[in-house]
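In case you want the letters, here they are:
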Amino acid sequence: MRSDLAKALIDAIPLATILVGADERVQAANAEADKLLGPGVRGRHFIAVLRQPAVLDVIEGCLRDGSAATARYLTSVGAQDVTYKVSARHVPDAGALICFEDVTHMEQAVQMRRDFVANVSHELRTPLTALMGFVETLRGPAREDAAARERFLGIMEREANRMNRLVGDLLSLSHVESEERVRPTARVDLCGLVRSTSHSLAPLAKDAGVALMLDLPEDGFDIAADSDQLRQVLINLTENAIKYSGRGSTVTVSVTSPVYQPRLRSDGTQLTVRDSGLGIDAIHIPRLTERFYRADSHRSREMGGTGLGLAIVKHIINRHRGRMRITSEKGQGTTVSVLLPIG
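Along every chain, residues carry numbers that run from 1 in the direction the sequence is written. Totals for whole chains, interfaces and linings use all residues, but because this is a predicted model, local features are given only for residues with pLDDT of at least 70 and pairs of side-chain atoms are given and counted only at 80 or more. Side-chain numbers here rest on the full set of heavy atoms in the structure, without hydrogens or water.

Asker: Would you mind showing me how to read the sheet that holds strand β2 (residues 26-29) here?
Answerer: In any sheet, the strands associate via hydrogen bonds between backbone groups, in a parallel or an antiparallel arrangement. Across the sheet, five strands lie side by side as β2-β1-β5-β4-β3; this open sheet has antiparallel pairing. Edge positions in the sheet fall to β2 and β3 (69-77), since each has one partner strand and no second. Looking at each pair of strands side by side, their axes are set apart by 25° on average, direction ignored. A strand pair is defined by DSSP finding two or more bridges across the two strands. Strands are runs of DSSP state E lasting at least two residues, helices are runs of H or I lasting at least four, and both sets are numbered from the N terminus onward. Bridge count between strand β4 (residues 80-91) and strand β5 (residues 95-102): eight bridges; the pairing is antiparallel. The residue bridging A88 from the neighbouring strand is I98, located in β5. Residues are treated as being in contact if the distance between any of their heavy atoms lies within 4.5 Å. A fitted line through C-alpha atoms represents every axis, and for helices the fit uses only the stretch in contact; the resulting angles, taken between N-to-C directions, go from 0 to 180 degrees. Each of β1 (16-20), β3, β4 and β5 is contacted by helix α4 (residues 53-65), which is oriented at about 145° to β3, the strand it contacts most. Lying over the sheet, helix α5 (residues 104-139) contacts β3, β4 and β5, oriented at roughly 125° with respect to β4.

Asker: Teacher, can you tell me more about the nonpolar core here?
Answerer: The nonpolar side chains of a soluble globular protein tend to be buried, and buried together. Only buried Ala, Val, Leu, Ile, Met, Phe, Trp, Tyr and Cys residues count toward a nonpolar core, and they belong to the same one when joined by side-chain atoms within 4.5 Å. Each residue's exposure class comes from its accessible area (1.4 Å probe, protein chains only) as a fraction of the maximum for that residue type: buried when under 20%, exposed when over 50%, partly exposed otherwise. Membership of the largest hydrophobic core comes to 44 residues, with the highest contact counts inside it found for V194, I223, L237 and V255. Among the elements of the structure, α6 (146-178), α7 (190-208), α8 (227-245), β9 (250-255), β11 (266-275), α10 (309-319) and β13 (333-341) are those that each provide at least two residues to this core. Excluding residues within four positions of it along the chain, I223 makes contact with A186, R187, V188, L190, L230, T269, L340, P341 and I342. Listed in part, the 26 residues of the second largest apolar core include A33, L37, V55 and Y73.

Asker: How should the packing of α5 against α6 be read in this particular structure?
Answerer: Two numbers describe a pair of packed helices, the interaxial angle and the distance between the axes. α6 packs onto α5 with a crossing angle of 160° between their chain directions and a minimal axis gap of 9 Å. With respect to each other, α5 and α6 are oriented roughly antiparallel. Relative to α6, the crossing made by α5 is left-handed. Roughly parallel covers angles under 35 degrees, roughly antiparallel covers those over 145, roughly perpendicular covers 65 to 115, and oblique covers all other angles. Throughout, a crossing is termed right-handed when the near helix is turned clockwise from the far one, and left-handed when it is turned anticlockwise from it by less than a right angle.

Geometry only, nothing functional implied.
Shown next as structure tokens:
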């Protein structure tokens, strides 16, 4: 094969690709390979270019006996670790063709799945262990102790309810994720939805000693939304504000009239839930929408939180093509702002 044709073929490959000749030197490299390995790789020995033993073994084996093999090549771009799948294929009378496929997203997905299973197992194990312990106690030492039995049954009920909430949130999260790419088309009266949701949460606010206020435009309007999911967003954000702002604080739910929103590049409205509570340390804010992440794990569990609420909210907002922003300062309260397109 003519060298110019071989170069053109290598340049046309969309993956980072190099050709290692029989003399074990890099004969050709495309533009993607230059970005990954640097522009000065041509003519250099492949060992000097690729220093990771697993990759070197694959290339040596391909050059020696023509065997096809793969390996992982690890590098970093800025502060992010990047993983490549390296494939070596024998080219008769030319050497070995080495391709680098970026599989970082697949590695991250696998790790997220492992973390998710581990977190679910941990969240379920705690109440299950408590239930098993109390069942054993009720069958043994507390069999005839009526007062202890009543107290233990109350704790068992709370733990069972906690597991039920967790399973419910897991099912809800799965449902929301499955519909995330399907944009809602039904028309919903946003202000009416805010009023009805706030009315249903008024007893919770009263018991918590929190003033629940509304700030809504006089003229109502409709938006394209899933009514049940948007109600879920309102309930989650308002409940969080009521539960964690503290007695004597104020929670305000506001909606703005539709105007052009640059972040949406279309007309939209801003839904805001603001509290005057203790606030959240800035270090926690970027991770609040992660599954099972809690700024205060002990307090969250005491309040009955599962650690999935804001993750569900994030996916619902994504489905509605909206934007969410959380701002907070210690001692100054927390504000969650949600931009929603009108159409």
